[in-house]
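For reference, the chains in residue letters:
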Amino acid sequence: MHSAITGWGKFVPERILSNADLERMVETSDEWIVSRTGIRERRISAPDQPSSHLAIAAGRQALECAGLQASDLGLIIVCTVTGDYTFPATANLVQDGLGAHCPAFDLQAACAGWIYGLITAHQFIATGTARHVLVIGVEELSKIVDYTDRATCVLFGDGAGAAILSASEEPGILGFTMGSDGARPEQLYRPAGGSCIPITKDTVGTSATYVHMMGSEVFKFATRIMGSAMEEALVMAGLTRHDIDLFIPHQANLRIIEAAMKRLELPPEKVFVNLEKYGNTSSAAIPIALCEAIEQGRIQTGNRIGMVAFGGGLSWAAIAMRWTA
Ligand code: UT7
């Protein structure tokens, strides 16, 4: 059985944190942030607004868009590194919030999470195990970022994006690739909060509880992997880079996106970028971008879409698909 996207939705918190706001918090400038990253503002969730709230709002929209009820879902996958709790899974809370009765689990592949999730959903559909799978990318990185560390706090934001992957006569997902290199987790990680460095009275309030990143190392990895992962997914799909109608890359840094465009020989009109509004929302970035590309009329039936993400792990994943909706 083939699989195709039949519904989509997004939700971002109301509060905007601009570069001008950050200039008042750390030693940075709008000029530095825009020229090094392309980011102008990001959304920040309220203290009483956990990830599940954003995920449920995006999931509801996706159900409505697909014309489905929560009871039609065969599986819910929530991709996140900032779930409500260490456990239970945020997917359990989303399932209850939507009124669904299907199995639900979280998937953690950092910024590549949502593409990993969509590929996983495709397997459940291909084997006939599920007919409709809700895949949500949700992140509240503002809750684990140190707002005294200018190297990271200017980059990240909060949000949720969702898609429903359904069994289909026509092929939607045509090719994909996934990768992992766990040799150096410290390149991008949150040291404390797991079983390695548990949260104790000694770790509370220390920098170990925040995101740490070796920015330039991740940058070099990203510029290399974006193009090669996309090419691998295109080969599986029987396509070439010239067949891509719209490229939706992970929204981390405009310079990384430009390097991928160069490698894939893609002109700006074939590339979707919205990071100036949201910053890097990790696993939520691509599904939010997908929704906005559809809203802006950038995707038509029959178009071939390329999506690629990279992040902590290190992890990466890409999908080549034909738009059937
Ligand atoms: O989803 C995956 C997550 N991560 C990423 O995608 C991040 C990948 N990496 C990047 O996007 C870039 O490496 C950054 C945007 C994080 C940094 O840009 P860069 O061009 O690699 O800068 P850098 O780290 O080499 O730092 C250059 C300078 C340093 O000052 P010195 O040592 O040259 O005096 C930094 O201290 O810029 C300084 N700097 C800043 N200055 C103003 C770092 N952050 C800031 C800041 N404002 N916010």
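Structure: above.
Bear in mind the structure is a predicted one, so any value in this text is a computation, not a measurement.

As a further point, take the nonpolar core. Counting 43 residues, the largest nonpolar core has Met230, Phe247, Val308 and Phe310 as the members making the most contacts within it. When residues of this core are traced back to their parent elements, those giving at least two are α7 (215-237), α8 (254-264), β12 (304-311) and β13 (315-322). Considering each element in turn, this core owes the most residues, ten residues, to α7. For this core, the two domains that each supply at least three residues are domain 1 (2-171) and domain 2 (174-322). In this structure Phe247 touches Met230, Ala260, Leu264, Leu266, Lys270, Val271, Phe272, Gly306 and Val308, once residues within four positions along its chain are discounted. Residues Ile77, Ala163, Cys291 and Trp323 belong to the second largest nonpolar core, which totals 40 residues.

Strand order across the open sheet formed by five strands is β1-β7-β6-β4-β5, with mixed pairing between neighbours. Each edge of the open sheet carries a strand with a single partner, namely β1 (2-11) and β5 (104-107). When the angles between neighbouring strand axes are averaged without regard to direction, this sheet yields 20°. Pairing between strand β4 (residues 75-79) and β5: four bridges, direction parallel. When the sheet's bridge partners are listed, Cys79 is paired in β5 with Leu107.

Taken together, the neighbourhood of the ligand is formed by 23 residues, with Thr28, Arg36, Cys111, Asn253 and Asn280 sitting nearest. A distance of 2.8 Å separates an oxygen atom of the ligand from a polar side-chain atom of Arg36. A distance of 2.9 Å is found between an oxygen atom of the ligand and a side-chain nitrogen or oxygen belonging to His250. If the ligand stood free it would expose 950 Å²; the protein chains cover 71% of that surface. Here the ligand occupies the second largest pocket. Of all the secondary structure elements, the ones that give two or more residues to the shell around the ligand are α2 (30-37), α6 (150-153), α7 and α8. Per-element accounting of the shell around the ligand gives the leading share, four residues, to α7. Split by residue class, the shell around the ligand holds twelve nonpolar, seven polar and four charged. The residue makeup of the shell around the ligand includes at least three contributed by each of domain 1 (2-171) and domain 2 (174-322).

What counts and how
- Residues numbered from 1 in each chain as written.
- Predicted model: local features only at pLDDT ≥ 70, side-chain atom pairs only at ≥ 80, totals over all residues.
- Heavy atoms only, no water.
- Core = buried A, V, L, I, M, F, W, Y, C linked by side-chain atoms within 4.5 Å.
- Buried < 20%, exposed > 50% of the residue type's maximum accessible area, 1.4 Å probe, protein only.
- Helix = DSSP H or I, 4+ residues; strand = E, 2+ residues; numbered from the N terminus.
- Domains from an automatic or database assignment.
- Contact = heavy atoms within 4.5 Å.
- Pairing = 2+ DSSP bridges.
- Axes fitted to C-alpha atoms, helices over the stretch in contact; angles between N-to-C directions.
- Near = heavy atom within 4 Å.
- Polar contact = N/O pair within 3.5 Å; in protein donor to acceptor, adjacent residues only side chain to side chain.
- Areas by Shrake-Rupley, 256 points an atom, 1.4 Å probe, with all protein chains shown as cover.
- 1 Å grid on protein atoms, 1.4 Å probe; cavity = no way out; pocket = protein on both sides within 12 Å on 5 of 7 lines; lining within 4 Å.
- Sits in = over half its atoms within 2 Å of the grid points.
- Nonpolar A, V, L, I, M, F, W, Y, C, P; charged D, E, K, R; others polar.

Geometric descriptors of this kind do not, in isolation, establish any biological role.
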